[in-house]
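Spelled out from the first residue to the last, the chains are:
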Amino acid sequence: MDQLFNRKYIVQGLFIVIALILLGKLFYIQVISDKAFVSAESNVLRKIYKYPARGAILDRNMKVIVQNEPVYDLMVTPNEVKPFDTLALAKALDISFEDVRKNLRKARGKSSYQATPFLKQISVQSYARLQETLYRFPGFRTQDRTIRHYPDSVGGQLFGYVKEVSPLDIEKSEGFYKPGDYKGKSGLEFSYEETLRGEKGVINTVYDAHNTPQGSYADGKYDINAVSGERLISGIDMRIQKLGEELMKNKVGAIVAIEPSSGEILSLVSSPGYDPNLLVGRNQGNNYMEFIVGNPYRPSLVRPIMGYYPPGSSFKPVDALIALQEGVIDPNTTFFCPHYYQAGNRKIKCEHFDGSIALRRGIARSCNTYFCYVFQKLITKNGMKNQRQTYQEWRDKVAKFGFGSKLDIDMPYERKGYFYTADHYDKIYGKRWGYTNVISQAIGQGEITATPLQMANAMAIIANRGYYIKPHLIKGIGDKNLVKKEYVVKNYVGVDAQHFEPVIDGMQDAVNSSWGTAILSQIPDILLCGKTGTVQNPHGKNHSVFIGFAPRDNPKIAIAVIVENAGFGSTYAAPIASYMIEKYLKGTVTGARAAQAEWMKNQNLLPVLKDKTAAVKLTKADSLLIKKADSTKRIKDSLRIKSAIIKQTVTTKPKELKTVVIDKPVTQK
Amino acid sequence: MQQQQGNRFFFNVDWITVLIYIALCAIGFTNIYASIYNPDKAGVFDFTSSYGKQLIYVITGLILGLSILLFDGRLFNVFAPFIYGMTILLLIVVLFVGRNVGGNQAWIPIGSFRLQPSEFAKFGTALLLARYVSTFNPKFRDIKSIMIAAAIVLAPLLLIMLQPDTGSALVFLAFMFPLYREGLSGYFLLIFLGMIVLFIADFLVPTYILILIITIIAGLFIYNNRRKQKVIFSTVLVTVIAIAYLFVVKIAYEKVLAPHQRSRIELMLGLKTDNKGAGYNVIQSQIAIGSGQATGRGFLQGTQTKYGYVPEQSTDFIFSTIGEEWGFMGCSVVIGLYIFLLLRLINLAERQRSTFSRVYGYSVACILFFHVFINIGMTIGIIPVIGIPLPLISYGGSSLWSFTILLFIFLKLDSNRMGFI
């Protein structure tokens, strides 16, 4: 053996080292990393999704109020497309020649070998026409879908709308939603999305490198059938919902009606409303811009749960109840009303002449002086030195009625209203402040604001004599008619049942006695108890408010009606409430009142629109433009008002809102 | 030497190598079958299909190999120059009459078969090189013997470059190792390695930094050997050449290499990504191999290979089928078989009495090694795409037969190891 023999080991060593390098890389890509495995799956697998039908929604009388309609998306796989008669396709789809080419270009930009939408939501009629000629357009296929249909064309804000998911939705859902999926974006469609959406089905198909389908993957082992969404039963009574929207036509405001015993919402009207069918189908985007964003009265503001209104006189019954519970008054306590109430250097006016007045008449006549005295007694009952502490205690008691916090309605974007704690006033007035500083709260003015829902809920509490169930729209989910746990719990407000009767007496008189404030809204054979409110609005006509419930014994409906800039509560809000109640209880508005209701429907009370910039700065209580009605702001506002006055304000005439009727597609049986 | 009459031809044949040979051919056939498997047309003996043809190649290859064992081993020594001359001639002929397949003028059509002379040039060169070394016994200390050996190797290499078939030409660099074994200085290997390292580094690191690094290393080296004038002189020379090389490479890279070759190199170095064009093969091949995971998807279950995602599935990228269907275990078995074969060939070569047999044995082992390393390295993305087959496994008659001839000549020489000088 020569000395070169050792070189054998160098050569053999090299072989082994190289083999180990190869094995090392193989070990990495095969065993450690699963990137390749995932890529391999996406190479061969194409998922075809089957979209489930969304769950239907029924009203309390089991009438279908939200349903589905079949539509079809035309999908295109660009590299399967062969030259075709563009004009014929354009004709079949009822779109322009340029649109066909534009859509095709767009689809090519997305993916050349995956089916992408060419034209979304083709109606049944177009689909029928297209189906006959589809064979002439290789590379195109249709994808079944369903879209929403709202048979009554009311309740736009209530139901919300469904829209294709945005990239943000997809990201937030951590991969649950895929591009092309639909999702409820507001209203009930949003809050019950998980129940309504159902489960998407998927069919896995294997494709070869030439994008030719090679059949089902793993014999369909991983395929999933689409599962339709579950149906919902809502507490809404479509009859009064519809009547409510008609009554509120060309008015700005809200109606909330609740069944006190269950907390089920019977009607939730936000005005101006819109036809939810506008936000369905291919014109969704355009309609949204035109009718929702483009409407200066902001239909996108769901006033029943988002609008802030000072409750005004309708707050007085709550005041009285707490005073009775605290024992600072009894039903026979009288106060002398000299036509005003003097609080420090502020004078609060009263609009009637009654002299000495007790609780029942105080409520029926809506006496400001009476309730200022009540408030004064409430806050000073522990001595003048402890007013701050007593205010806080009072505030907490009122808060139990649902003011100043959300009621957790099953709709998104509910707001809680302003109802300040003692701390807040410390910031404004320092340590030394008393009832005179906050006296306006006695009559529901000033810094307290509430949503119509909170006002209706307060009525439900009085109707129930002391408790409420959280108001909710859906009373049955799915076939088992489940209801959310929180919607069966009775929430007691800490006022004993016996204290309610004197207050209810006053509310009964307000509507049913000759000296009441709402005597024009009496309903034959039904004892309506209520309270009007005329909410001061420094920037226009007062808001007209009415809250009430009926019948007095075993109440079936509690209601709050607010008509913005409509003046006295007794003129608009109270009659509207009475028509709603009568319709609900009797099934129809009877006698001469039917004609009055018709007259009401035709009233145009749309407020004059100010120049937008000025309006934003000037308005405080006006829910058209939500604005903090807050004491600190007030000072700033006064400065702004001055500067705004210098600016020229442009006013426009209120326009009659057009009722929009869209052609409803004929549903195929 | 007493031999039984009937056993004379096969006496002393290393049957273990033959078994590995058969095993690798079987693996090749199985995976070619799998790579073009079509459930609707599943006959194994369909001779119009690739696997049917491969079956014919394997059988004829085996017959060819066994018949080589019938020759007298001495003939190969005697006829080495003639065989070499023939293959050179074929390489020249193919440039004129060859059929152009895939951009390479590499095939001579003979009837329905196509002959690829570059495959046969390998054993021609190996034989002549062995003959030269065994006859003149040069120790490669002088320039002349190095030049002669280089000429023997470079003649076919350059002819193949003209086709142009860079991949097959590169394989001829494998002859460095037998020459190294016979006395060529290890510096040649180091210089070669250094050239490759500098070539790659030239792409990844700015040139001026490389120059700085080289200069610093040289400076330290000179400082350590500051008493030895000769070392200082050669170090300076090497440094200057290395720096010049950096610039030459950059220019040569732009001017000499074809665009597709440049992009393959850039892809391998990770300087660019290209999922659709030149990078498609490598990415798909890696996806297929990687998706096999530890144990593979199972025979005929590979989706990537079955549905044609990897181009050149049955020829150059056959390893991706193995990787996908048999996983890391299957890959390890195949690489293990090759390494076992290579190490055994080296051991066999070392036990030869005759220099001719030893040099030839080394050549066979190193050619196989280059093929295996480059081919598998290419499919898993550690070497740029160089289209050469995986020995005995890839589809193709020329390749299979040339490896058979290469191997069985050595087996014959080995069986005669006691017989002659």
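Residues numbered from 1 in each chain as written. Chains lettered and ligands numbered in written order. Predicted model: local features only at pLDDT ≥ 70, side-chain atom pairs only at ≥ 80, totals over all residues.

**Student:** It is not clear to me how the overall build of chain B should be interpreted in this structure. Could you clarify?
**Tutor:** For chain B, the helix and strand inventory stands at 16 helices and 3 strands. Of all 421 residues assigned to chain B, the portion counted as buried reaches 42%. Contacts in chain B between residues at least 24 apart in sequence constitute 70% of all its contacts with a sequence separation of at least 6. (Helix = DSSP H or I, 4+ residues; strand = E, 2+ residues; numbered from the N terminus. Buried ≥ 20, exposed ≤ 12 C-beta atoms within 10 Å, placed from the backbone. Contact = placed C-beta atoms within 7 Å.)

**Student:** Explanation requested: the pairing of strand β11 (residues 253–259) of chain A in the structure shown.
**Tutor:** Remark: a regular strand shows side chains that alternate across the two faces of the sheet. Residue and element names in this part refer to chain A. Buried residues dominate β11, accounting for 7 of its 7 residues. Burial along β11 is two-sided: the residues Gly253, Ile255, Ala257 and Glu259 and Ala254, Val256 and Ile258 are all buried. Across 7 bridges, the pairing between β11 and strand β12 (residues 264–271) is antiparallel. Opposite Ile258, over in β12, you have Ile265 as the bridge partner. In sequence, β11 turns back onto β12 through a hairpin of 4 residues, with Gly263 there showing a positive phi of about 80 degrees. (Pairing = 2+ DSSP bridges.)

**Student:** Whenever I open this one, helix α3 (residues 74–97) of chain B confuses me. Can you help?
**Tutor:** Quick reminder: α-helices carry 3.6 residues per turn. Residues three or four places apart thus point the same way. Given a rise of 1.5 Å per residue, 24 residues ought to cover 34 Å, and the 34 Å separating the end C-alpha atoms of α3 of chain B matches this to within 8%. Buried residues of α3 of chain B: Phe76, Asn77, Ala80, Ile83, Tyr84, Thr87, Leu90, Leu91 and Val94 of chain B, and no others. (Expected span 1.5 Å × (residues − 1).)

**Student:** Any chance you could explain the interface of chain B and chain A here in plain terms?
**Tutor:** Many descriptions give the size of an interface as the accessible area lost when the pieces come together. Each partner contributes residues to the interface: chain B has 36 residues there, and chain A has 31 residues. Sorting the residues of the side of chain B that touches chain A by element identifies α7 (176–181), α12 (279–291), α13 (303–306), α14 (318–350) and α15 (355–379) of chain B as the ones contributing at least two each. The leading source of residues in the side of chain B that touches chain A is α14 of chain B, at 11 residues. Classifying every residue of the side of chain B that touches chain A by side-chain character gives 20 nonpolar, 13 polar and 3 charged. (Nonpolar A, V, L, I, M, F, W, Y, C, P; charged D, E, K, R; others polar.)

**Student:** Please clarify how the pairing of strand β22 (residues 557–563) of chain A should be interpreted in this entry.
**Tutor:** Residue and element names in this part refer to chain A. Burial runs high along β22: 7 of the 7 residues are buried. Burial of β22 is two-sided: the residues Ile557, Ile559, Val561 and Val563 facing one way and the residues Ala558, Ala560 and Ile562 facing the other way are all buried. Where strand β21 (residues 543–550) and β22 come together, 7 bridges link them in antiparallel fashion. Looking at the pairing, Phe546 lines up with Val561 of β22.

**Student:** Quick question: what am I supposed to make of the sheet that holds β22 of chain A here?
**Tutor:** Sheet strands pair by backbone hydrogen bonding; their relative direction is either parallel or antiparallel. Residues and elements named next belong to chain A. Taken together, 5 strands build an open sheet; the order of strands is β12-β11-β22-β21-β20 and the sheet is antiparallel. Strands with a single pairing partner mark the edges of an open sheet, and in this sheet they are β12 and β20 (529–535). Within this sheet the neighbouring strands show an average axis-to-axis angle of 5 degrees, counted without direction. As judged from the 6 bridges shared by β11 and β22, these two strands associate in the antiparallel manner. Looking across to β22, one finds that Val256 is bridged to Ala560. Together, β11, β21 and β22 form the strand contacts of helix α18 (residues 452–463), whose direction differs from that of β22 by roughly 150 degrees. In the packing of helix α20 (residues 573–586) onto the sheet, the strands contacted are β11, β12, β20, β21 and β22, and the crossing angle to β22 comes to about 145 degrees. (Axes fitted to C-alpha atoms, helices over the stretch in contact; angles between N-to-C directions.)

**Student:** Would you take a moment to explain the sheet that holds strand β1 (residues 45–50) of chain A for this structure?
**Tutor:** Residue and element names in this part refer to chain A. The antiparallel open sheet is built from 3 strands, whose spatial order is β1-β8-β9. The sheet terminates laterally at β1 and β9 (213–216), the two strands that pair on one side only. Across this sheet, the average inter-strand angle for adjacent strands is 35 degrees, counted without regard to direction.

**Student:** Even after reading the chapter, I still don't get the environment of Val282 of chain B, so can you show me in this structure?
**Tutor:** With respect to the helices, strands and loops of the structure, Val282 of chain B is situated in helix α12. Sequence-wise, Val282 of chain B and Ile380 of chain B are 98 residues apart; in three dimensions their C-alpha atoms are separated by 7.0 Å.

**Student:** Would you mind going over the packing of α14 of chain B against α15 of chain B with me for this structure?
**Tutor:** Two packed helices can be described by the angle between their axes and the distance between those axes. Residue and element names in this part refer to chain B. Across the interface, α14 lies against α15 with an axial gap of 9 Å and an inter-helix angle of 165 degrees. If you check the angle between α14 and α15, you find them roughly antiparallel. Crossing of α14 against α15: the hand is left-handed. Contacts from Phe319, Ser320, Tyr338, Leu342, Leu345, Ile346, Leu348, Ala349 and Glu350 in α14 reach Arg358, Gly361, Tyr362, Val364, Ala365, Leu368, Phe369, Val372, Asn375, Ile376 and Thr379 in α15. (Parallel < 35°, antiparallel > 145°, perpendicular 65-115°, else oblique. Left-handed = near helix turned anticlockwise from the far one by under 90°.)

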